[in-house]
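Below, each chain spelled out in residue letters.
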Amino acid sequence: MERAPMDSLYDPAGVERRWQEAWEAEGLYAAGAGRRRPESFVICVPPPNVTGELHMGHALNGSIQDVLVRWHRMRGFDTLWQPGYDHAGISTQNVVEKQLAREGTTRVEIGREAFVARTWEWLEATGRTIMGQFRRLGASLDYSRERFTMDDDYVRAVLTFFVRLWDNGWIYRANRIVNWCPQHQTAISDLEVVHEDMDDTITYVRYPFADGDGEDGIVIATVRPATILADVAVAVHPGDARYAAAVGREVVVPVVERRVPVIADDRVDPEFGSGAVKVTPGHDPTDFEIGRDHGLPEPMVIGPDGRMNEAAGPLAGVTQAEADEAIVEWVRERGWLVRREHYRHAVGTCERCHSRIEPLISLQWWCRMAEPARPAIEALRERVVRYHPESQHRFAIASLEDAPDWCLSRQLWWGHQLPIWYTPDGEAVCAVTEEEAREKAGEGVPLERDPDVLDTWFSSALWPYATLGWPDETPELERYYPGDVNSTAREIIRLWENRMIWTGLQAMGEVPFSDVIIHSTVLAPDGRRMSKSLGTGIDPMEPIERYGADATRYGLLKISSTQDVRFSYGAIEEGRKLANKLWNVARLIFANAELVTPSLQPRSVEERWILARLDAARAELEDSWSRFDFATSTAVLYHLTFDDFCDWYAEAIKPRLYDHDKDAAATALAALERLLALLHPVMPHVTEELWSSLPHRRARLVVSPWPEPDGRFAADLHVLDRVQEAARIYRRSGVQVELASPDEERIFTAVVRPGRAAPGGADVEAERARLRSEIARAEGMLANERFVSKAPPEVVAAERDKLDRYRRELDALSG
C-alpha cells in the first residue's frame, strides 16, 4: 500500500484539531484506555473557576500533567486524568451581580432563589470555557467524567463532610477577625486578597501618660488615624530599652480620651515607626492576637460597609478618610501631633472589586485545625506525601503546623449553604438535609437555615474523592483512590493542597496522592507578574494559534526549570522548529522507504549508534519525568531529534536511502518509530500524525507501548564521539582532525561536507593554543572552592563537561 504524499511544510492548525477530535471520539482519553497492567495512575486537574479562561499558569500546569498522563498511558497504566470545575463562589456571584446592576436591580431585590436560578442560567450560557481550551492544548483529560462542585452528588458530599467535622467537635461559631470585603459584604480567604503597593501617610501621634504632666508620653505611628477611636493599649517590644520604664503605666487615647495600658509583646517590630504601636484588636489581625493574649477588649469603629459605625460617636456614618482628617485636626489642635510623612506600603484589597480589605471581628463559623492537621503533618514528615521542590515541602509542613482555625462561612448566596438550622431558642442543628435536621430538633420545632455558604476552598478540598462518588462506595472510588500526583501553584499550598491531604485522611483514611508538583510561576517577559490590569498578561491561546499546541507545550516545559520564570516566545519558536525538523526528517525517510516494514537491521556504525542514543534518551526521559524535571526532558528531546537523529544519523544514511537499501530504510523506520514514541508525551499531535504514516500501525500512538529498555547497542553509545569532536573543531577553525577509520571518515564527510569552503584559515597551532587557554580557564574555575561550593550544581557540572570536551579536542588535534 502506497503512503499518501506528505505536505512539504508542517501546518499544526489542521493536524492538531483533527487529532484532538479523533482521540476523544475514539475514547482514547477515557480512564483505562490502553491499559495493559493492573496499576492505575491518577491526577485530578485543579478545578478551574467555572467563570474563568485559560491563563499561562493553566497552560503550563496542563502541559506538565499531560506529559505524565500520556507517559503512563503508553506504559500501560490505567490512567485517569479527572476534569471539572469549581463553582468559584465570590467571582461567579460578582459577575452576576454586575449584570443585575446593569439592569437596575440587585440580588437583594430579586431574592435568593431567583438569584441562584439566574446564576445557573448564566453558567449554562457562558461558563465552562476552560475545558474547551484544554482540549486545544491537547490535554488528554477524560472529558466524559467532567464534574462540577455544585453537582447534586458533589453537594451531598460537601454537606456530609461538614457534618462529620461537626460530629467530631471541630466546628464552632465565634467572633474572630476576618478579611472583610465592604463591597461584597462577606469574609474572604487570604488568596482572594491582593496586596497592592499604595502611597499613604504615616502619622506620628503622642499619647500622653495618664499620670504625667501632659507633656510627656509615648509616640506611636499609624497609617489609619480613624482606628485610633478603637485603641485599647499601646504595645512595645519587651527588649526595647527605650520603653522599659513605660510598661505597666497608662496613656490617654486621643479624641476618646480613654486610659489604656502600655504592654510588652514580642510581636511588636521595634524598627517600625517609633517602635511603639497602638493596639486595635477590632481592626488589625496582629492586634487581635495580641488583644486575645492580653485579655483586652475588642471595640470596632468601622462597620461592614467600610464607614465609621455608631461606636465612632460624632463621626458615625462618615468615610474613613473624613474621620482621618477630623482626628488629625483634633491632635494637631492639642499639640499631640508630632509629624506626618509619606509612606508607601502594601495594602490588602479584594481581588474582584479592588476595595480595601477591612480586618473586622465578625461572627463566623470556624473549623478547629489543631487535631485534623496532626495526621497530615505526620504524613508530610514521613514523606508519605512529598512536595517538589524540597523548599515547598518544608513550607507545606510549616504552614500546617502554624495553621490557624479555618473560617468556613461566607456571606454569599452562590455556593454550598451551610447545613445548619437554628431553633427559636438559638440552638444550632447540623444535618445533611432539612429532613434530618427536623428529626434531630424534634417534632414540631420550627427551624431556620443559616443563610451563609461555605468557603469555596472547603468543597475544593474534597476534590480527589468526591469526584469519584464519595460518600458512596463506588467502583471508581475503590479503583482510583488514592491518586498519584497533584500539580499546582505555590500560592494555594495552604488553601488547597494541604487541605486535600488532611480531609482525605479524615474521609478515606489515606492520603489522596503521593507527590505534589509546585510548578513554576510564569512571569511576563519583562519579569513582572502576568496581569490583565497591568497589561502584562498573555493569553496562551495566542501562541497556540500562532505556533501550534505542540510548540507551546514544548516552550512552556522548556522554561519550567525554576519557581519563577519569564515567558519566552523564543522557547516556543524552538518548539516550532523542532516539529518542522521532525516533519522533514520523516518526509526523507518515508519518501525512500516505500513498501518497507519497520524492523531493526543495523549494518552500519551510525545505525547502531542512533539505536544506542534512542535507548539512552529513553532512560534520561524516564529519570527526568520521575523526578518531575520537565525542562531537562525538553533538552534531551531537542538534542536527540535535532542533533543526533537529523543532523548525524539521517545525513549519514542518506546515500543508502537514495540507493534504495531496504535494510537501511527498515532500520530508519524502526528508529523513527522509537523517536516518535519518546517525543509523544511532550509533542503529541505531530508525532501522532507521523505515526499514522508508518506502515502496519494497529493502534494510535497515544495508546501504543512506550519503548522498552534495549541494551543491545549500548557499546556503540560513544562510537561517534571522535567524529563529532572533529566536526566541532573543523566548523570552528577549519582544521581537519585525522580520523581513525574509514567509517569515521565516511560519516564526517557525509555530515560536515568538508569539500565546501572551510570557515576561515586552518591554523592548527592557533586552535591548540585556544584549547589550552580554555582548559587553563576551566581548571582554574574548578579549582576555586568558592565557585564549586556556591555556584548552582548544574553550572559546575557544565563547566566540568566543557573541560572534558576541551581536553578531548586537544587530544584529537595532538593525535
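Residues numbered from 1 in each chain as written. Predicted model: local features only at pLDDT ≥ 70, side-chain atom pairs only at ≥ 80, totals over all residues. Heavy atoms only, no water.

1. Describing the overall build of the protein
Within the protein one finds 28 helices and 25 strands. Taken along the three principal axes of its C-alpha coordinates, the protein extends 100 × 70 × 50 Å. In the protein, which comprises 815 residues, the proportion classed as buried is 55%. At a minimum sequence separation of 6, the contacts of the protein that also span at least 24 residues come to 77%. Here the protein has roughly 34,800 Å² of accessible surface; of this, 49% comes from carbon and sulfur atoms. Positive and negative side-chain charges in the protein, numbering 96 and 131 respectively, have mean positions lying 5 Å apart. (Helix = DSSP H or I, 4+ residues; strand = E, 2+ residues; numbered from the N terminus. Buried < 20%, exposed > 50% of the residue type's maximum accessible area, 1.4 Å probe, protein only. Contact = heavy atoms within 4.5 Å. Areas by Shrake-Rupley, 256 points an atom, 1.4 Å probe, with all protein chains shown as cover. Lys, Arg positive; Asp, Glu negative; His and termini not counted. Charge placed at Lys NZ, Arg CZ, Asp CG, Glu CD.)

2. Let's talk about the sheet that holds strand S19 (residues 428–430)
Read across the open sheet, the three strands follow the order S19-S18-S20; overall the sheet is antiparallel. A single partner strand is all that each edge strand has here, and the edge strands are S19 and strand S20 (448–449). The sheet contacts of helix H7 (residues 152–167) involve strand S18 (420–422), S19 and S20, and relative to S19 the element is tilted by about 125 degrees. In the packing of helix H12 (residues 434–441) onto the sheet, contacts are made with S18 and S19, and the angle to S19 comes to roughly 130 degrees. (Pairing = 2+ DSSP bridges. Axes fitted to C-alpha atoms, helices over the stretch in contact; angles between N-to-C directions.)

3. Some words on the nonpolar core
Counting residues in hydrophobic clusters, the biggest one holds 141 residues, and the most contacted among them are Leu68, Phe134, Leu582, Phe630, Phe645, Leu672 and Leu690. With 13 residues, helix H21 (residues 630–658) is the largest single contributor of residues to this core. Setting aside residues up to four positions removed in sequence, Phe645 forms contacts with Val585, Ile589, Ile610, Leu640, Ala650, Ala668, Ala671, Leu672 and Leu675. By size, the runner-up hydrophobic cluster in this structure holds 59 residues, among which are Trp170, Ala376, Tyr480 and Leu505. (Core = buried A, V, L, I, M, F, W, Y, C linked by side-chain atoms within 4.5 Å.)

4. Here's the deal with the sheet that holds strand S13 (residues 337–350)
The three strands are arranged S8-S7-S13 in an open sheet whose pairing can be described as antiparallel. This sheet does not close on itself; its edge strands, each paired only once, are strand S8 (217–222) and S13. Across the sheet, the mean angle from the axis of one strand to that of its neighbour is 20 degrees, orientation sign disregarded. Both strand S7 (residues 193–208) and S8 contribute to a ladder of six bridges, which runs antiparallel. Bridge pairing in S8 places Tyr207 opposite Ile218. In this fold helix H9 (residues 320–333) packs onto S7 and S13, with an angle of close to 160 degrees to the strand it touches most, S13.

5. Things to note about the environment of Arg700
On the secondary structure map, Arg700 appears in the loop between helix H23 (684–691) and helix H24 (721–733). As for Arg700 and Gly34, which are separated by 666 residues in sequence, their C-alpha atoms are 9.7 Å apart. Leave out the neighbours within four places in its chain, and Arg700 touches Trp19, Glu26, Leu28, Glu688 and Trp691.

6. Focus: helix H2 (residues 56–74)
Spanning 19 residues, H2 covers 27 Å between terminal C-alpha atoms, matching the ideal 27 Å at 1.5 Å per step. Counting buried positions over the 19 residues of H2 gives 19, a clear majority of the element. (Expected span 1.5 Å × (residues − 1).)

7. Some remarks on the environment of Gln20
As for its placement among the helices and strands, Gln20 is situated in helix H1 (residues 12–25). With relative accessibility at 8%, the residue Gln20 sits in the buried group. In the structure, Gln20 is positioned 116 residues away from Arg136 in sequence and 7.3 Å away in space, judged by C-alpha atoms. In terms of polar contacts, Gln20 uses its side chain to reach the backbone carbonyl oxygen of Arg136, at 3.0 Å. (Polar contact = N/O pair within 3.5 Å; in protein donor to acceptor, adjacent residues only side chain to side chain.)

8. Structural notes on H21
Maximum bend of H21: about 45 degrees, positioned at Ala650. Following H21 by one or two positions, His660 has its phi on the positive side, about 60 degrees. (Bend = angle between axes of the 7 residues up to and from the residue.)

9. Thoughts on the state of the cysteines
One pass over the full model with this rule turns up zero disulfides. A disulfide-free cysteine, Cys367 has its sulfur positioned 11 Å from the sulfur of Cys407, the nearest such atom. Given a relative accessible area of 0%, Cys367 falls into the buried group. (Disulfide = S-S within 2.5 Å.)

10. Comments concerning the packing of helix H3 (residues 89–102) against helix H5 (residues 112–126)
At a minimum axis distance of 10 Å, the contact between H3 and H5 shows a crossing angle of 100 degrees. When the axis of H3 is compared with that of H5, the two are roughly perpendicular. Between H3 and H5, the contacting residues are Thr92, Gln93, Val95, Val96, Glu97, Gln99 and Leu100 on the first element and Phe115, Arg118, Thr119, Trp122 and Leu123 on the second. In the contact of H3 with H5, the residues fall into six nonpolar, four polar and two charged. (Parallel < 35°, antiparallel > 145°, perpendicular 65-115°, else oblique. Nonpolar A, V, L, I, M, F, W, Y, C, P; charged D, E, K, R; others polar.)

11. Focus: the pattern of salt bridges
According to the stated counting rule, one finds 61 salt bridges in the structure shown. A salt bridge links Asp623 to Arg627, with the shortest nitrogen-to-oxygen separation between them at 2.9 Å. For Arg712, the salt bridge is made with Asp710, and the minimal N-O distance between the two is 2.8 Å. A residue is classified by how much of its surface remains accessible, and Asp710, at 18% relative accessible area, is buried. The network of salt bridges with common partners includes Arg603, Glu607, Arg656, Asp661 and Asp663. (Salt bridge = Lys/Arg side-chain N within 4 Å of Asp/Glu carboxyl O.)

12. Examining the pairing of strand S9 (residues 233–236)
Every other side chain in a regular strand lies on the same face of the sheet, so the side chains alternate between the two faces. Of the two faces of S9, the one lined by Ala233 and Ala235 and the one lined by Val234 and Val236 are each fully buried. With four bridges connecting them, S9 and strand S12 (residues 276–279) associate as antiparallel partners. Bridging across to S12, Ala233 finds its partner in Val279. By the bridge criterion, three bridges tie S9 to strand S11 (residues 258–264) in an arrangement that is parallel. Bridged to Val234 within S11 is Val262.

13. Points about the packing of H1 against H23
Packed helix pairs are specified by the crossing angle of their axes together with the interaxial distance, meaning the distance between the axes. Put simply, H1 and H23 touch, their axes get as near as 9 Å, and they point 80 degrees apart. When the interaxial angle is binned, H1 and H23 end up roughly perpendicular. In this structure, H1 contributes Val15, Glu16, Arg18, Trp19, Gln20 and Trp23 to the contact, and H23 contributes Pro684, His685, Glu688 and Glu689. The residue makeup of the contact of H1 with H23, split by class, is four nonpolar, two polar and four charged.

14. What to know about the packing of aromatic side chains
Summed over all chains, the structure comprises 27 aromatic pairs. Residues Phe161 and Phe458 carry aromatic rings whose centres are separated by 6.0 Å and whose planes lie at 50 degrees to one another, so their mutual orientation is tilted. In this pair, Phe161 sits in helix H7 while Phe458 sits in helix H13 (residues 456–460), placing the two residues 297 residues apart along the sequence. Centre to centre, the rings of Tyr547 and Tyr569 are 6.2 Å apart; their planes meet at 35 degrees, and the pair counts as tilted. You can see Tyr547 sitting in helix H17 (residues 541–547) and its partner Tyr569 sitting in helix H19 (residues 569–591), a full 22 residues away along the chain. Ring pairs connect the aromatic residues Phe161, Phe162, Trp406, Phe458, Tyr465, Trp470, Tyr481 and Trp502, which therefore count as one cluster. The ring of Trp71 has Arg75 lying over it, and the distance from NZ or CZ to the ring centre is 4.3 Å. Looking at Arg499, its charged tip hangs above the ring of Trp406, at a distance of 3.6 Å from the centre. (Phe/Tyr/Trp six-rings, centres within 6.5 Å; stacked < 30°, edge-to-face > 60°. Lys NZ or Arg CZ within 6 Å of the ring centre and 35° of its normal.)

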